[in-house]
Every structure is written in structure tokens, then in C-alpha cells.
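# Reading the structure
Letter by letter, the chains look like this.
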Amino acid sequence: MAGNGVRGRGGRRPTLEEVAARAGVGRGTVSRVINGSPRVSDATRAAVEAAVAELGYVPNTAARALAANRTDAIALVVPEPETRFFAEPYFSDMLRGVGAGLADTEMQLLLTFAGSDRERQRLAQYLAAHRVDGVLLVSVHADDPLPDLLAQLEIPAVISGPRSAAESLTSVDSDNYAGARAAVEHLLSRGRRRIAHITGALDVYGAQRRADGYRDALADAGRPADELLIEPGDFTEEGGRRAMTTLLSRRPGLDAVFAGSDVMAAGARRVLREAGRRIPEDVALVGYDDSAIARHMDPPLTSVRQPIEEMGRAMIDLLLTEIAGRRPGPARKAAPRRAVLPVQLVVRASS
């Protein structure tokens, strides 16, 4: 303990009133100093800070938050099973970005999963009690009820990837359409003509935009998409494996695959190897995300890099702005903001 080691009566933690008595000022003045108010003279501020140091006073942040109608907590909600969260690099990269964005704040981050009806019901009850100041939603499907619940509860929220072009929540995304176009244009430039696409789950707007980019790149090259070369996956390695098996059975002469994620590309690579197809000699392979999987694959995987950590930081910045902008009184409906970050094709040996 700093200073002369004085504690409150009975050895308990010193109170605000005891700090005020030591500094020779009123309780309200101490509160203003602790909360950084400019309406305090330098001499008074110095006296209060000295009393705080001498007594070892620690502000009761919980009480301060309650008085300000805040919890100083943010929930990161993932509407997916825990197994997927820990298996896919996308989520760990996003969590890293969110953590970096909160590093210089006093906010606590709560990670919660809502992949089942029971988990969603439990989360709804928790949010209805207003135990967090805001929510980050990651990996949201089109039919997920959580975004509408947040709007109903008037809880500030930012979503990673909009549910549709008409998203009503503030959102952060990467340019999925441009990334898919870049992947297909690259494959076309390498002389590939029978380019298959393993989509992500098509109830995710980002996966729809990647499929749009794939189709439009082929159409602009005078090669309309062959629908038998398109097979839905689910962003998992097993989904990539199943889709690749189906594509080979339907179009055994395919010479390139654009997978909607690196994880699905890993599943596709396994099937191609088992079928005796060399990568890239027989079949070129491109993924999406540019995760550690891409760099460590054999051969290293060409992939579209989306700035996932930067997306996490952008989500936090937007959410903190929304939280700070909330004022007492009737809620005012503001137009949702949208941030779309650029992507980059990283070419490696697989294509």
C-alpha cells in the first residue's frame, strides 16, 4: 500500500468520504477528480491525489458503472458450436483483433456461444437483463434471431458480415465479392477453364457474395458458370471433403477449385490427393482467409487474405462509438454504418 499505510476503520478498504476528509474537500470534489473532470483546480486535484495515494484508495468501478447505467462489459457472441470456434483460425484471429481493440479500455470481454436453441434462450435472458453495454456478433446466419433481439432490446451491436444487403445493424466485413473475382481471374490467367467452386454455407451473406464474384468473373471472361461445378460446403474441412467428392463425380475433368475458405480447401486437397490428382499440375487450388493453414499446406495454398484482426478492431471501434453515443431519453434510430475492408490475393504454389 502506498504512503503511510493508513486504511479505513477496522482494516477495511478506505471510503470516498475518508479520502475527502484527508484532502480537506467535499465528497463530490473527490468524485470529480477520480472521474477526470476538468472542473477542479490543480491544487485541489493534487491534494485529492495525495490523499488517494496515502490511504491506498481504490475506486469502486462496479458502483461507478452502476451509477452511470453501465456494466463496462461487452459480449462477443458466436452463434456456432464451440468445436467450430476452436477448429477454425478465423475465430481466433477475430478474437485477437477484438482483444487488441479493447486493450486500452476498462471494458471486460465476455465470450459466449449460441449455437443451439438452449444457448440462445439462455443468452436472450442474460441480454434482457442488460448485463452488457454492447454486443459483437460473429458468424451470423440469415435466419438467426439474435440480431433482431438486440434491436428490440436497444442494445448497441455490431455484426461481423451483414445478413443481407439490407442489414439493419452496424456491420464490418471484407470485400468478399472482390476477393472471389480476384481468385477466379487468377485461375483463368493460368489457363484453367473448368473452375469449380466450393461455397461456404449459403445462408451466410459473405458466402453468397463470394459465389457472386465467382460467377461474374467467369461471365466477364465469356465463360458462364457451369452449375454442376458449384457445390455448397459449410466452412468446415469435412464439408470441403464432401463437396470435392461430389464435384469429382460430376465433373471429373475439372482443372481448378476455388474453395470459400482455407479449411474447406484442406478438405478438398485431401480428396484430390486420394483421387491421384496432382496440385497444381492437374488441379489448381485456391482458398480464402489466408490463415496459417494456407501457409503450412503442401503445397502452400494460394488464398485470398482478408484482414480478420483488423475487422475485429474495427468492430470494437464502431461498438464503443455507439455505446458512447447513447444518451438518456427516447432512443433515436440512426442509419446503420458499414465498413468494408479490402482483401488481397496471395499467390503460392497451389495454383
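Each remark here, short or long, concerns the structure printed above.
Predicted model, so just to flag it, every value in this text is computed and none were measured.

## Brief notes about the nonpolar core
Residues I198, M244, L254 and F258 are the most contacted members of the largest nonpolar core, which totals 42 residues. When residues of this core are traced back to their parent elements, those giving at least two are α9 (176-189), β6 (195-199), α10 (205-220), α11 (237-250), β8 (256-259), α12 (262-274) and β9 (284-289). Each residue touching F258, except ones within four places of it in the same chain, is listed here: A180, A183, V184, L187, A196, H197, I198, R210, Y214, V286, G287 and Y288. Residues V78, F91, M107 and L318 belong to the second largest nonpolar core, which totals 24 residues.

## What to know about the sheet that holds β8
The six strands lie next to each other as β7-β6-β8-β9-β10-β12, forming an open sheet whose pairing is mixed. This sheet does not close on itself; its edge strands, each paired only once, are β7 (230-232) and β12 (344-346). Each neighbouring strand pair of the sheet contributes to a mean axis angle of 20 degrees, computed without reference to strand direction. Across four bridges, β9 lies against strand β10 (residues 302-305) in parallel orientation. The residue bridging V286 from the neighbouring strand is T302, located in β10.

## Some thoughts on the sheet that holds strand β4 (residues 157-160)
Taken together, six strands build an open sheet; the order of strands is β2-β1-β3-β4-β5-β11 and the sheet is parallel. Of all strands in the sheet, those bounded by a partner on one side alone are β2 (108-113) and β11 (338-341). Pairwise comparison of adjacent strand axes, ignoring direction, gives a mean angle of 15 degrees for this sheet. Here three bridges tie β4 to strand β5 (residues 170-174), and the two strands are oriented parallel to one another. Paired with S160 across the two strands is V172, which belongs to β5.

## Some thoughts on the packing of helix α1 (residues 16-23) against helix α3 (residues 42-55)
Two numbers describe how α1 lies on α3: the axes approach to 8 Å, and their chain directions differ by 120 degrees. Of the possible angle classes, the one that applies to α1 and α3 is oblique. The crossing of α1 and α3 is right-handed. Each of E18, V19, R22 and A23 in α1 lies in contact with α3, whose residues at this interface are A47, V48, A51, V52, E54 and L55.

## Digging into the environment of T246
Structurally, T246 can be placed in helix α11. Judged by relative accessible area, which is 26%, T246 ranks as partly exposed. Separated by 18 residues in sequence, T246 and L228 place their C-alpha atoms 9.5 Å apart.

## Looking at the side chain of D289
Relative to the assigned elements, D289 resides in strand β9. Buried charge without a partner: D289 forms no salt bridge, and the closest opposite charge is R210, 4.5 Å away. At 2.6 Å, the side chain of D289 and the side chain of Q306 are in polar contact. The residues contacting D289, other than those within four sequence positions of it, are Y90, R210, S261, D262, S303, V304, R305 and Q306.

## Some details on α12
An ideal rise of 1.5 Å per residue puts 18 Å on 13 residues; α12 measures up with 19 Å between its terminal C-alpha atoms. Here α12 has its buried residues at D262, V263, M264, A265, A266, G267, A268, V271 and L272.

## Details of the side chain of S171
Relative to the elements of secondary structure, S171 occurs in strand β5. Those residues in contact with S171 that lie beyond four places of it in its chain are V158, I159, P162, L318, R337, R338 and A339.

## Observations regarding unusual backbone geometry
Cis peptide bonds are those with omega within 30 degrees of zero, and the linkage from I279 to P280 qualifies with 10 degrees. One can find P280 in the loop between α12 and β9. Going from D298 to P299, the amide bond is cis rather than trans, its omega being -5 degrees. Within the secondary structure, P299 sits in the loop between α13 (292-296) and β10.

## Topic: the pattern of salt bridges
Per the counting criterion, the structure on display carries 24 salt bridges. Linking E185 and R181 is a salt bridge whose minimum nitrogen-to-oxygen distance equals 3.2 Å. Pair noted here: E185 and R181 are both in helix α9, with a separation of four residues, about one helical turn. Between R278 and D282 there is a salt bridge, with its nearest N and O atoms 3.0 Å apart. By relative accessible area, which is 27% here, D282 ends up partly exposed.

The rules behind the values
Residues numbered from 1 in each chain as written. Predicted model: local features only at pLDDT ≥ 70, side-chain atom pairs only at ≥ 80, totals over all residues. Heavy atoms only, no water. Core = buried A, V, L, I, M, F, W, Y, C linked by side-chain atoms within 4.5 Å. Buried < 20%, exposed > 50% of the residue type's maximum accessible area, 1.4 Å probe, protein only. Helix = DSSP H or I, 4+ residues; strand = E, 2+ residues; numbered from the N terminus. Contact = heavy atoms within 4.5 Å. Pairing = 2+ DSSP bridges. Axes fitted to C-alpha atoms, helices over the stretch in contact; angles between N-to-C directions. Parallel < 35°, antiparallel > 145°, perpendicular 65-115°, else oblique. Left-handed = near helix turned anticlockwise from the far one by under 90°. Lys, Arg positive; Asp, Glu negative; His and termini not counted. Salt bridge = Lys/Arg side-chain N within 4 Å of Asp/Glu carboxyl O. Polar contact = N/O pair within 3.5 Å; in protein donor to acceptor, adjacent residues only side chain to side chain. Expected span 1.5 Å × (residues − 1).

All quantities given are derived from atomic positions and should not be read as evidence of function.
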